[in-house]
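Observations on the model geometry
As a plain string of letters, each chain reads:
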Amino acid sequence: MSRREGLASARAALALVTDDFRAFDVRPGGLGDVSGTRSGPAAPRDDGPLGWAGYGQALARARDRTGEQEAVVCGTGRVGEVQAVLISFDFGFLGGSLGQGTGDLLELAHVRARALGLPVVSLIATGGSRMQEGMRALSQLHRVARQSALTRAEGLAQVAVVRDPATGGGWATLGAGADVVLALPGAQVGFAGSRVRPADADPAAYSAEGQLAAGHVDGIVAPEELRTAVGRWLGLLTRPAAGPARPPAALGDARLPASGWAAVRGARAARRPRADAYLDAHFGVREELSGDRCGGVDAGVRCGFGERSGRTVAYAAQLGTPTRPSGFRTVARLIRLAGRLGTPVLTLVDTPGAANDAAAERAGAGPAIAECFAAVAESPVPVTTLVIGQGGSGGALALAAPGRTWVTPDSYFSVIGPEWAAAILKRAPAEVPRTADELRVRPQDLVALGVVEGIVGTEPPPAEVP
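Residues numbered from 1 in each chain as written. Predicted model: local features only at pLDDT ≥ 70, side-chain atom pairs only at ≥ 80, totals over all residues. Heavy atoms only, no water.

Now for the pattern of salt bridges. What the rule picks out here adds up to 25 salt bridges. Between Glu 68 and Arg 11 there is a salt bridge; the shortest N-O distance is 2.7 Å. Taken as a pair, Glu 68 in the loop between α3 (55–66) and β2 (72–79) and Arg 11 in helix α2 (residues 10–17) lie far apart in primary sequence, 57 residues in all. Looking at Arg 11, the relative accessible area reads 40%, which means it is partly exposed. Two residues, Glu 378 and Arg 336, come together in a salt bridge whose shortest N-O distance is 4.0 Å. Placement of Glu 378 in helix α14 (residues 365–378) and of Arg 336 in helix α12 (residues 325–341) is noted, with a sequence separation of 42 residues between them. Overlapping salt bridges bring together Asp 276, Asp 280, Arg 286, Glu 288 and Arg 302 as one network. (Salt bridge = Lys/Arg side-chain N within 4 Å of Asp/Glu carboxyl O. Helix = DSSP H or I, 4+ residues; strand = E, 2+ residues; numbered from the N terminus. Buried < 20%, exposed > 50% of the residue type's maximum accessible area, 1.4 Å probe, protein only.)

Listed below in structure tokens is the structure:
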């Protein structure tokens, strides 16, 4: 048996993440009785709602071959330190296809997750909807989408692991609709299955690696590392910190700049600590989200969840480059997910401004920035901001929390870059330093203007009262 064939089994996939899986009891009257939902799995000789000749026999063979009653197995198990509801597809059961019986079990899994208050982990290997049941099978996607939405509304995390293959409706609901999406290396991932794609389609677009590059997958994890990765994610997503996040202590030069131009030059200095240094110093463990789920990834933005003092804070950090539309959308995605999970957010601002090239405009720079502003404004959890370097115009302000923004001594915040301000005022390049002074961009100026709460030193501010 090949490695791929071994991982096609639902039970083999479950064994990658847990040692104590317990399937739900789906007997009539059992804990997971689904008889009152719609109908359970078809009888072995039932040819289904279409009367598809031989379908009942195919079901019987699939059950004999896999030892499962349907294409999914659902139950509970501990992953790392967190108990979760687990859903695992068996690709050997009619290609892991979704039929009405599959829909019953998937609905059961989410109903039980909400009743128990547990996160959901889906181990997906499917070729799509079961054609022998026609539109009855396809309509199961409505049920799956509704149950996922109800679970999301309860503030319960959903993690998907896409195996090989993960295509069709299973990918487009349980997979792509999850809060965090992990993929096995080389997995075939895409809405279109291998037999229904255009003949000239680029196969890389349908791979886990291609989906990661396009911002639709958060990470690629080897099978032997899956238990650790999923357990770490579940721990971070289920233990939110109480109250607002505290801004980190400053890591750079503690001296305040004497002039506006000195503040700008200090924030632009190559030696100044960047976001990665702050994140590494502030969090003991962290995991990153990747991509905006709209086809874009901004390498100049980091978003994820980190552990501090045993509790989780979500973070969004700019890395000192112009932020692209995909970066703003990824930040908005992070803040909204944190809001659903009740996790406070820390943003680290460091950008000369929003990207302003033609590609950025075509990608929707304005709408993306608006989406980020809205995510901060609407957030049901507190957002805390620390400006650690350049605070360039609206591209920086979009990540800043009104009433809860601090600055480091080696940072600045400005309505516009001093060079651009001088150009607009038709001043000579030699007058840029004077313009920077007039803009009052120094940390101490920002405090005096009342636009930030204070300047963070080598010790963080005292904890706030929630």
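With that out of the way, let us pick up the packing of α12 against α14. Packing of α12 against α14 leaves a shortest axis separation of 8 Å and a crossing angle of 20°. Overall, the two elements α12 and α14 adopt an arrangement that is roughly parallel. In this structure, the crossing between α12 and α14 has a hand that is left-handed. Contacts between α12 and α14 involve Pro 325, Phe 328, Arg 329, Val 331, Ala 332, Ile 335 and Arg 336 from the former and Ala 365, Ala 368, Ile 369, Glu 371, Cys 372, Ala 374, Ala 375, Val 376 and Glu 378 from the latter. (Axes fitted to C-alpha atoms, helices over the stretch in contact; angles between N-to-C directions. Parallel < 35°, antiparallel > 145°, perpendicular 65-115°, else oblique. Left-handed = near helix turned anticlockwise from the far one by under 90°. Contact = heavy atoms within 4.5 Å.)

This part takes up α3. With 12 residues, α3 extends 16 Å between its outermost C-alpha atoms, agreeing within 8% with the 16 Å of an ideal straight helix rising 1.5 Å per residue. Residues Tyr 55, Gly 56, Ala 58, Leu 59, Ala 60, Ala 62, Arg 63 and Thr 66 constitute the buried set of α3. Remark: Gly 67 follows α3 within two positions and exhibits a positive phi of approximately 75°. (Expected span 1.5 Å × (residues − 1).)

Burial in helix α11 (residues 275–282) covers these residues: Ala 275, Tyr 278, Leu 279 and His 282. The buried residues of α11 occupy an angular sector of 95° when the element is viewed end-on, so they sit on one face. Looking at the packing, one finds that the buried side of α11 touches β9 (285–289), β10 (301–308), β11 (311–318), β12 (345–351) and β13 (383–392). (Arc of directions from axis to C-beta.)

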